[in-house]
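Structural overview for review
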Amino acid sequence: MKTNILGYPRIGSHRELKKACENYWAGKISEEQLLEEGASIRVLNWYLQREYKTDFIPSNDFSFYDHVLDLTLSLGAIPQRYIPLLSKKTDLYFAMARGYQKNAHDIIAMEMTKWFDTNYHYIVPEFTKEQQFSLFHNKALEEYKEAKALGIETKPVIIGPVSFLLLGKEKESGFDKLDITERLVPVYTRMLKELEDAGVEYIQIDEPFLSMDIEEKAKQLYPIVYQQIKDSCPKLKIILTTYFEGLKDNTELALSLPFDTLHVDLVRCPQQLDTILNLFSSDKKLSLGIVDGRNIWKNDFEASLKMIQRASDQLERDRIFIAASSSFLHVPCDLELETKENILTPEIKQWMAFAEQKVKELATLKELLQERPSNQTLEKLEANKKSIRKKQSSSLIHNADVKKQLENISADDSRRKNPFAIRRKKQQDILNLPLFPTTTIGSFPQTKEVRSWRAQFKKGNLSEKEYNDLLRAETQKAIQWQESIGLDVLVHGEFERNDMVEYFGEQLAGFTFSQNGWVQSYGSRCVKPPIIYGDVSRPDPMTIYWTTYANALTDKPVKGMLTGPVTILQWSFVRNDQPRSETCKQIALAIRKEVDNLQQAGISVIQIDEPAIREGLPLRKKDWKIYLDWAVNCFCLSASVVNDETQIHTHMCYSEFNDIIEYIALMDADVITIECSRSQMELLDAFAEFKYPNDIGPGVYDIHSPRIPSVEEMVNLIRKAAKVILSEQLWVNPDCGLKTRGWNETKTALTNMVEAARILRKEIN
Ligand code: GLN
Ligand code: ZN
């Protein structure tokens, strides 16, 4: 049996890629140095996988920003506006990802959206009616050759043509992106042909959409496209790869395609194994995704061996690959870098596995499947069994008190006391806000200084008092500055927070952390998800100090800023021993206590961020309702403890709301601020059509790009919004928190934004 890895983390075990990219963008290192850093990450990854005798080592899983963008550029799907940059490939590439404001150019970035149900974001390909493709460069080929030169035979990884189109977006009306397949496939096959000619034997073609709900037209395309690939590249062995869900209704379709090997995700959908085995044809191979690419818990060898056994009852052993369920892009690099026992205790650490450990797990499973495994290997199995058993009964996990509180929740606990119309009036009496009230989403720039204070504090070089003094001064500056430009609802700036989930997780019981467990979120942005290992509770208030401190500095209202239960759940590594809904409810109860405390402390506006509510949606529509019911309920449970007079905000980003708008309404937040600017207010249509009853703040500028929006641009966007939403309902704000931006751009942008709101107020009066 061979081992198959679908993709390895590309950020480097110490986030080398992040640092290199950011230095390159800041002009601190040359293009050559950047490219070298990339190459050294790739080499280390390949060597590591070779060391553990991985049979199928991926190449082209590396990316400087995003692998979807890589393919977009490879296939020459470069939007018109970037044509002036064509001659400089690296600049062009980053311009597509981040926008470009240099040398008299001012070009906006491409859209970015979530990669299926992960917290990874990809750059959305743009297609036009007359879309042409051409082989701009063959990145997969370059990286294959690079590995080959080191003596490593790799399996290039490429997104399949149908999934590529489905990931993209039509930039004009009057055509269907699937209709450009005819133009795409010849270029795509040329790319593959070059790989075949270079000696590639196996290629991993990712078609995640085969495990999603897809329209009939896409279903019909698959056999045509894959036959064309087969005809053009008859020698290439295709590992047709799906993940994150089961093939379900697409099983027969997938099985009918001309692949050599089919890869399926048996962590997410173990049930599909039997169906597939029953229908599997005798000349094909099956790759069993059994080592979880999405979570950090140790593999249960006994359970995996059972699963493999079921497959080998029906297939010859050499037709079975044992594999990761998905790319390891979604887990941190190396658990062995976790050396501080006060951060991650040995007891919890031994339940876990990061990417490198997962590579080893695959190697061990392979050894265990040999005719006569060595004693050493058998010992590994015994140790694994013991550790899995120990975890199940650990007293670290179970808290009777939390379980009792959950039982005592009633339906009323998740409902505000009065409808929005009544609340709105009471809130306005207190807040006295103008038309088009302006606000921000919460965080202000986490500058180098702010981050260095935290680092110094953690190292012990700053005392708690010194650290807090610095934070107080920064908060005070932020409050004064917001007052001075005339924002209406202020924020304290979140300077004390490392990350919107980690900050809360650190103060909640049932959570643990890693020192170095970074995962890529988008581009150079990485997150270090907390790890929920046990029942969750809130021992002490979490945000009261900083919120009340800021609130006392001004007569304007300061928003209390909380992260919502669904987002905390969604952006953490979660337990795999109880349903997500149960864990979420525990978190909701903890946030509810915080909301209650904020209100008691005199905070009249409280924002509960739920940017991740949509990404928590199950990938298959059939499962949506169950999820939305519990997710909305958890939000309401956390928010509904307040009186009518307290204004609850929520914030969501990178979401399409059309299909869940009724649930968003059920969340019943008094104000919702949303991402809108990259898609030029298109998102608002859903709110307009639904006649969304509460207040809305559509983001009027994109904070994910350093580009500074002009007053005029924002006036136009607000006007556009006011065409479909009542002016009385509209708030004016950026589309997300500003922590990743610098102060200079932030100051100009927000000053422009306040000016835009003023212009519109005048216009209406
Ligand atoms: N309040 C958070 C911030 O401003 C929200 C961030 C988010 O939506 N991702 O940073
Ligand atoms: Zn946001």
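Residues numbered from 1 in each chain as written. Chains lettered and ligands numbered in written order. Predicted model: local features only at pLDDT ≥ 70, side-chain atom pairs only at ≥ 80, totals over all residues. Heavy atoms only, no water.

1. Thoughts on the site of ligand 1
The environment of ligand 1 is made up of 14 residues, and the closest members are Ser443, Glu494, Asp609, His651 and Gly737. Within the backbone of Ile441, a nitrogen or oxygen atom sits 3.1 Å from a nitrogen atom of ligand 1. Summarising the interface, the protein chains cover 94% of the accessible area of ligand 1, which totals 290 Å² for the free molecule. A per-class count over the shell around ligand 1 returns seven nonpolar, four polar and three charged. (Near = heavy atom within 4 Å. Polar contact = N/O pair within 3.5 Å; in protein donor to acceptor, adjacent residues only side chain to side chain. Areas by Shrake-Rupley, 256 points an atom, 1.4 Å probe, with all protein chains shown as cover. Nonpolar A, V, L, I, M, F, W, Y, C, P; charged D, E, K, R; others polar.)

2. Examining unusual backbone geometry
In the Ramachandran plot, Arg15 falls in the positive-phi region, its phi being about 55° despite a non-glycine side chain. Relative to the assigned elements, Arg15 resides in the loop between strand E1 (2-4) and helix H1 (16-25). (Helix = DSSP H or I, 4+ residues; strand = E, 2+ residues; numbered from the N terminus.)

3. Looking at the coordination of the zinc ion (ligand 2)
By definition of the ideal shapes, a tetrahedral metal site with four donors has angles of 109.5 degrees and an octahedral site with six donors has angles of 90 or 180 degrees. Every protein donor of the zinc ion (ligand 2) is accounted for by His651 (NE2), Cys653 (SG) and Cys736 (SG), and the metal-donor separations fall at 2.0 to 2.4 Å. Mapped onto the sequence, the donors of the zinc ion (ligand 2) take the spacing H-x1-C-x82-C. Of this pair, His651 sits in strand E21 (residues 647-652) while Cys736 is found in the loop between helix H26 (711-724) and helix H27 (743-764), placing the two residues 85 residues apart along the sequence. Accessibility assignment for this pair places His651 and Cys736 in one class, buried. (Donors = N, O, S within 2.8 Å, 3.2 Å for Na, K, Ca; no water. Buried < 20%, exposed > 50% of the residue type's maximum accessible area, 1.4 Å probe, protein only.)

4. Thoughts on the sheet that holds strand E8 (residues 155-159)
The parallel open sheet is built from eight strands, whose spatial order is E1-E14-E13-E12-E11-E10-E8-E2. Across the chains shown, the open sheet's two edge strands, defined by having one partner strand only, are E1 and strand E2 (58-59). With three bridges joining them, strand E11 (residues 237-241) and strand E12 (residues 261-265) adopt parallel strand pairing. Bridged to Thr241 within E12 is His263. (Pairing = 2+ DSSP bridges.)

5. Considering the pattern of salt bridges
The final tally for this structure, using the stated rule, is 54 salt bridges. Ionic pairing is found between Asp670 and Arg423, a salt bridge with its closest N-O pair at 2.9 Å. You can see Asp670 sitting in the loop between helix H24 (661-667) and strand E22 (671-674) and its partner Arg423 sitting in helix H16 (residues 420-431), a full 247 residues away along the chain. The residues Asp670 and Arg423 share a single accessibility class, namely buried. Among the charged side chains, a salt-bridge network with shared partners connects Arg42, Asp70, Lys139, Glu143 and Glu146. (Salt bridge = Lys/Arg side-chain N within 4 Å of Asp/Glu carboxyl O.)

6. Examining the packing of aromatic side chains
Scanning the entire structure with this criterion turns up 28 aromatic pairs. Ring geometry for Tyr65 against Phe94: centres 6.4 Å apart, planes inclined by 65°, an arrangement best described as edge-to-face. With Tyr65 in the loop between E2 and helix H3 (67-74) and Phe94 in helix H4 (residues 89-98), the pair connects residues that are 29 residues apart, well separated along the chain. Here Tyr65 and Phe94 have matching classes, each one buried. Ring centres of Phe444 and Trp481 lie 6.3 Å apart, and the angle between their planes is 90°; on these two criteria the pair is classed as edge-to-face. Note that Phe444 is positioned in the loop between H16 and helix H17 (448-459) and Trp481 in helix H18 (residues 464-485), a separation of 37 residues in sequence. On the basis of relative accessible area, Trp481 is assigned to the buried category, the value being 13%. Connected via pairs of aromatic rings, a cluster forms that spans Trp115, Phe116, Tyr122, Phe209, Tyr243 and Phe244. (Phe/Tyr/Trp six-rings, centres within 6.5 Å; stacked < 30°, edge-to-face > 60°.)

Just distances and angles here, no functional claims.
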